[in-house]
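Architecture and fold: a report
Given next are the chains, with one letter for each unit.
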Amino acid sequence: MTDIDKTAGPKDTPPAGAEAIKAIPVRHYGRYVTAVIAIAVLFAIINAFAQGKINWHAIPDYFFDDRIMTGVGKTLLLTVLSMLIGIVGGIILAVMRLSKNPVTSSIAWFYIWFFRGTPVLVQLFLWFNLGLVFEYINLMPIYKDYWSSFMTPLLTALLGLGLNEAAYMAEICRAGLLAVDEGQTEAAHALGMSHGKTLRRVVIPQAMRVIVPPTGNEVINMLKTTSLVAQVQFAELFRYAQDIGQNSGAPVEMYFLAAAWYLIMTSVLSVGQYYLERYYARGSSRTLPPTPWQKVKKNLTTFSSRKVTA
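Each chain has its residues counted from 1, running along the sequence as written. Given that the model is predicted, a residue must reach a pLDDT of at least 70 before its local features are reported, and side-chain atom pairs must reach 80 or more before they are shown or counted; all residues, however, enter totals for whole chains, interfaces and linings. Water and hydrogen atoms play no part in the side-chain values, which are based on all heavy atoms of the structure.

**Quick word on the overall build of the chain**
Here a strand is any run of E in DSSP of at least two residues, a helix any run of H or I of at least four, and the numbering for each starts at the N terminus. Of the regular secondary structure elements, the chain holds 12 helices and 2 strands. The linear arrangement of helices and strands in the chain, starting from the amino end, is α-α-α-α-α-β-β-α-α-α-α-α-α-α. By definition, residues are in contact when any of their heavy atoms lie within 4.5 Å. Within the chain, counting contacts between residues at least 6 apart in sequence, those at least 24 apart form 72% of the total. Accessible surface area values rest on a Shrake-Rupley calculation with a 1.4 Å probe, where residue burial reflects the displayed protein chains alone. Of the roughly 21300 Å² that the chain leaves accessible, carbon and sulfur atoms contribute 64%.

**Some words on the packing of helix 3 (residues 66-97) against helix 11 (residues 251-280)**
In this analysis, axes come from line fits to C-alpha atoms, helices being fitted only over the stretch in contact, and the angle between any two N-to-C directions falls in the range 0 to 180 degrees. At their nearest, the axes of helix 3 and helix 11 sit 12 Å apart, and the two run at 45° to each other. On the basis of the axis angle, helix 3 is oblique to helix 11. The element helix 3 and its partner helix 11 pack so that their crossing is right-handed. Residues Ile68, Met69, Val72, Thr75 and Leu76 of helix 3 touch helix 11, and the partners they reach there are Leu257, Trp261, Tyr262 and Met265. For the contact of helix 3 with helix 11, the per-class residue count stands at 8 nonpolar, 1 polar and no charged. Each angle receives one of four descriptions, namely roughly parallel if under 35 degrees, roughly antiparallel if over 145, roughly perpendicular if within 65 to 115, and oblique otherwise. Two helices crossing with the near one rotated counterclockwise from the far one by less than a right angle form a left-handed crossing, whereas a clockwise rotation gives a right-handed crossing. Three residue categories are used. Nonpolar comprises Ala, Val, Leu, Ile, Met, Phe, Trp, Tyr, Cys and Pro, charged comprises Asp, Glu, Lys and Arg, and polar comprises the others, including Gly.

**Some words on the side chain of Thr215**
Mapped onto the secondary structure, Thr215 falls in helix 9 (residues 195-225). Accessibility here uses a 1.4 Å probe with only protein chains present; expressed as a share of the type maximum, an area under 20% marks a residue as buried, one over 50% as exposed, and anything in between as partly exposed. Assessed through its relative accessible area of 13%, Thr215 is described here as buried. From its side chain, Thr215 meets the backbone oxygen of Ile211 in a polar contact 2.6 Å long. Residues in contact with Thr215, not counting those within four places in the same chain, are Ile87, Met169 and Ile172. Within 3.5 Å is the distance limit for a polar contact, defined as a pair of N or O atoms, with the added protein rule that one can donate a hydrogen and the other accept it, and that residues adjacent in sequence qualify only through two side-chain atoms.

**Structural notes on unusual backbone geometry**
Of note, Gln233 is a non-glycine position whose phi angle comes to about 70°, a positive value. Take Gln233: it is sitting in the loop between helix 9 and helix 10 (237-248).

**Considerations on helix 9**
Taking 1.5 Å per residue, 31 residues should reach 45 Å; helix 9 reaches only 36 Å between its end C-alpha atoms and comes up short. The angle between axes fitted to the seven-residue stretch ending at a residue and the seven-residue stretch beginning at it gives the bend at that residue. Within helix 9, the axis deviates most sharply at Met208, by approximately 45°. Backbone nitrogen of Lys197 and a side-chain oxygen of the N-cap are separated by 3.3 Å at the start of helix 9; the cap is Ser194. Helix span is expected to be 1.5 Å times the residue number reduced by one.

**A short note on the pattern of salt bridges**
Any carboxyl oxygen of Asp or Glu that lies within 4 Å of a side-chain nitrogen of Lys or Arg is treated as forming a salt bridge with it. A full pass over the atoms with the stated rule returns 4 salt bridges. Of the charged contacts in the structure, one is a salt bridge between Arg67 and Asp65, with a shortest N-O distance of 3.1 Å. Look at Arg67 and you get partly exposed, because its relative accessible area is 36%. Across the pair Glu171 and Arg174 runs a salt bridge, and its minimum N-O distance is 3.0 Å. Of this pair, Glu171 and Arg174 are both found in helix 7 (residues 153-179), 3 residues apart, which corresponds to roughly one turn of the helix.

**Digging into the packing of aromatic side chains**
Paired rings are identified among Phe, Tyr and Trp, the last through its six-membered ring, by centres lying within 6.5 Å, and are further divided according to the angle between planes into stacked (under 30 degrees), edge-to-face (over 60) and tilted (the rest). Per the counting criterion, the structure on display carries 12 aromatic pairs. Seen from their ring centres, Phe63 and Trp261 are 5.0 Å apart, and the 20° between their planes marks the pair as stacked. Here the residue Phe63 occupies a position in the loop between helix 2 (58-62) and helix 3, and Trp261 occupies one in helix 11, the gap between them amounting to 198 residues. Both residues of the pair, Phe63 and Trp261, count as buried. Ring centres of Phe110 and Trp113 lie 5.5 Å apart, and the angle between their planes is 40°; this geometry places the pair in the tilted category. Here the residue Phe110 and the residue Trp113 both occupy positions in helix 4 (residues 102-117), the gap between them amounting to 3 residues, near one helical turn. You can call Phe110 partly exposed: its relative accessible area is 47%. A connected cluster of aromatic rings, assembled from ring pairs, spans Phe49, Trp56 and Phe256.

**Let's talk about the packing of helix 3 against helix 10**
Where helix 3 contacts helix 10, the axes come no closer than 7 Å and their chain directions differ by 160°. In this view, helix 3 runs roughly antiparallel relative to helix 10, as classed from their interaxial angle. Crossing hand, helix 3 versus helix 10: right-handed. Touching Arg67, Ile68, Thr70, Gly71, Val72, Lys74 and Thr75 of helix 3 are Leu237, Tyr240, Ala241, Ile244 and Asn247, all from helix 10. Looking at the contact of helix 3 with helix 10 residue by residue, the class counts come to 6 nonpolar, 4 polar and 2 charged.

Here is the structure:
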């Protein structure tokens, strides 16, 4: 009786007489055709802009102009303040919307319905012209003044952008809160935690994984939406670019300049959004995907190792 070697694995060499299998990679000809078409279209667009009657030298001349940099600062400030109003208001509205009290739930529903159903630009003009309805604002001993003096362009921009954003953030926050399993709340209540403490300690931290990605998109969208406040006399990046274009005789060139600055700011915010999403995804994924920098390091290491081996 012969002993069977159970530890022996399959042989690497094929049996005698058998042909080795040669793997032939599948050729994706459609990818090459698409790449060629995309490159051709790109060169055609670049050539069209190069042949256009645009003074490209005016863009670097005004790119770091004091007025442009002031506009960039005001755009970022307006974005941050409007998003703070929107996030705080959105959390409050989301809690009201989920409340069992029919009055608070109805008020939140009406708010969301109105502000989501009307354009931002219309809301800005409404806030700016409410002096036709309220001649003056009277807060008794605290403050009293005419509405036209009270409703400055900055306050109009903050109210128009922030209150509109609160309606969208309310739905985002509500979706995040509903995404948390009800058993988490029941377990917290069984431990004697109050409703408010359950929200702060249990529900909201878990809901952040759902809330953060769309909130990042809303921040980027808010940055671009700030260009609308130029219509209510608030000077930000787009308004300064318009003024410089009218005075220098290069209005189109200044539009390109403003677009370049918006691209720079949104790109920086997109990077921050990526790492913030990665931070809140730690508990939901066993292995996080590599960051762009980690991918670059890995490719460089692989390339170096192949070069040394060769």
